[in-house]
Amino acid sequence: MPGEFDLIARHFAALTQRRADVVLGVGDDAALLDPPPGQELVVTVDTLALGVHFFADCPPAALGHKALAVNLSDLAAMGAAPAWALLALTLPTADEPWLTEFAAGFAALARTYDVSLVGGDTCRGPLAVTITALGHVPRGQALRRSGARPGDGVYVSGEIGAAGLAVRARRGEITLPAALATHAAQRLDYPQPRVALGLALRGLASAAIDVSDGLLADLGHICASSGVGARLELARLPLPEGALGVASDESLIGSGDDYELCFTVPPRYEPALGVLAANVGCALTRVGQIEAAPGLWLIDEAGQTRPATQAGHDHFR
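Residues numbered from 1 in each chain as written. Predicted model: local features only at pLDDT ≥ 70, side-chain atom pairs only at ≥ 80, totals over all residues. Heavy atoms only, no water.

Participant: Looking at this structure, how should I read the overall build of the chain?
Facilitator: A tally of helices and strands in the chain yields 9 helices and 13 strands. A globule of 317 residues ought to have a C-alpha radius of gyration of about 20 Å, and the chain, at 20 Å, matches this closely. Across its three principal directions, the C-alpha atoms of the chain cover 60 × 50 × 30 Å. Considering the chain as a whole, with its 317 residues, one finds that 53% of them fall into the buried category. Partitioning the intrachain contacts of the chain with sequence separation of at least 6 by distance along the chain shows that 85% fall at a separation of at least 24. A total of about 13000 Å² of accessible surface is found on the chain, and carbon and sulfur atoms cover 54% of it. (Helix = DSSP H or I, 4+ residues; strand = E, 2+ residues; numbered from the N terminus. Rg over C-alpha atoms; globule rule 2.2 N^0.38 Å. Buried < 20%, exposed > 50% of the residue type's maximum accessible area, 1.4 Å probe, protein only. Contact = heavy atoms within 4.5 Å. Areas by Shrake-Rupley, 256 points an atom, 1.4 Å probe, with all protein chains shown as cover.)

Participant: What's the story with helix α2 (residues 60-77) in this structure? I'm lost.
Facilitator: Note: α-helices contain 3.6 residues per turn, so residues at a spacing of three or four share the same orientation. With 18 residues, α2 should reach 26 Å at 1.5 Å per residue; the first-to-last C-alpha distance of 26 Å fits that figure. Extensive coverage of α2 is indicated by the burial of 17 of its 18 residues. (Expected span 1.5 Å × (residues − 1).)

Participant: How do you make sense of the sheet that holds strand β12 (residues 295-299) when you look at a structure like this?
Facilitator: Pairing between sheet strands relies on hydrogen bonds along the backbone, with the strands arranged either parallel or antiparallel. Read across the open sheet, the 7 strands follow the order β8-β10-β7-β11-β9-β12-β13; overall the sheet is mixed. In this open sheet, the two edge strands, each paired with only one partner strand, are β8 (207-211) and β13 (305-307). Strand-to-strand twist across the sheet, computed as the mean angle between neighbouring axes with direction ignored, equals 25°. Pairing analysis gives 5 bridges linking strand β7 (residues 153-157) to strand β11 (residues 284-291), with the strands arranged antiparallel. Pairing of Ser157 across the sheet is with Leu284, part of β11. Along the sheet, helix α7 (residues 215-226) makes contact with β7, β8, β9 (229-233), β10 (260-265), β11 and β12, crossing β8 at roughly 155°. (Pairing = 2+ DSSP bridges. Axes fitted to C-alpha atoms, helices over the stretch in contact; angles between N-to-C directions.)

Participant: Explain the side chain of Ser255 here, please?
Facilitator: Along the polypeptide, Ser255 turns up in the loop between α8 (249-254) and β10. Looking at Ser255, its side chain comes within polar contact range of the main-chain oxygen of Leu252, at 3.1 Å. (Polar contact = N/O pair within 3.5 Å; in protein donor to acceptor, adjacent residues only side chain to side chain.)

Participant: What exactly am I supposed to notice about the side chain of Asp152 here?
Facilitator: Within the secondary structure, Asp152 is located in the loop between β6 (128-138) and β7. Of the side chains with opposite charge, Arg268 lies nearest to the buried Asp152, which makes no salt bridge, at 6.6 Å. At a separation of 2.7 Å, a polar atom in the side chain of Asp152 contacts the side chain of Ser206. (Lys, Arg positive; Asp, Glu negative; His and termini not counted. Salt bridge = Lys/Arg side-chain N within 4 Å of Asp/Glu carboxyl O.)

Participant: Is there a simple way to think about the sheet that holds strand β5 (residues 116-124) in this case?
Facilitator: Spatial ordering of the open sheet is given by β3-β6-β4-β5, a layout of 4 strands whose pairing is mixed. Sheet topology places β3 (39-49) and β5 at the edges, where each strand pairs with a single neighbour. This sheet shows a mean twist of 15° between the axes of neighbouring strands, independent of strand direction. In the sheet, strand β4 (residues 81-91) pairs with β6 via 9 bridges, with the strands oriented antiparallel. Bridging across to β6, Ala81 finds its partner in His136. Against the sheet, α2 contacts β3, β4 and β6, and its axis sits at roughly 140° relative to β3. Strands β4, β5 and β6 of the sheet are contacted by helix α3 (residues 96-112), whose axis makes an angle of about 165° with β4.

See below:
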């Protein structure tokens, strides 16, 4: 396999030294960064492994996009502005056409959010991609999971469930109508991180999380961190058109890989969300409410309440 610096230089050079706050990027033992004054550093890392987080037929450009997108989604859930990334690639072989497409997918999203690649590593082995993404947020303004309080509204951005349908379809477990299959595949392969929404929720949301493990599981993480419970109204869920014809609503809120934001908002701030949604270009749907008693409860269209029984899952596992 060609040397790691040769690979990075050929395929990712255009993404280095793009920001003024990169004092020293790729090419030395470590990067030198200059975070803005008064900001807290936000750091996240995620690995995508073949057969665990993506299928063998995943297009390289989609994998490049998704590997960065899932990390930017974590930053968005903290209300952080993305700035820098490090990329570690484990490759079976140095497949130049594959790397070209992968780099193109990564680069397109990096440019969209002004992210500079400031370092990385390569080694030989089963295909896996690890990205460390770094951003910043004004001191004391980061969104956390632990601030939800009884009476807060529970919201979710965009729609949920399509990526999970795509996973099940690719496994051969279900058959999707053509339009839904195309839409679901796009949602699985090219998730869109809600960066603008995360920034706009600073000072409004009491808690937030990105929906990677399923709405039910991730709302459960907010409840556990905040010491509260929640109820979800199934009739309010923003589901893909036609989804209920092939899957139950509870399975849709239990499936992962949506990379939307689930967040809670105190009642006094809820009226501001209509203007906020228009400003960030993303639908925001109130799907429930935080309760004082622990536990997750589902309310069906008939108004009947039952305890949630599905804990959700992590990606393909």
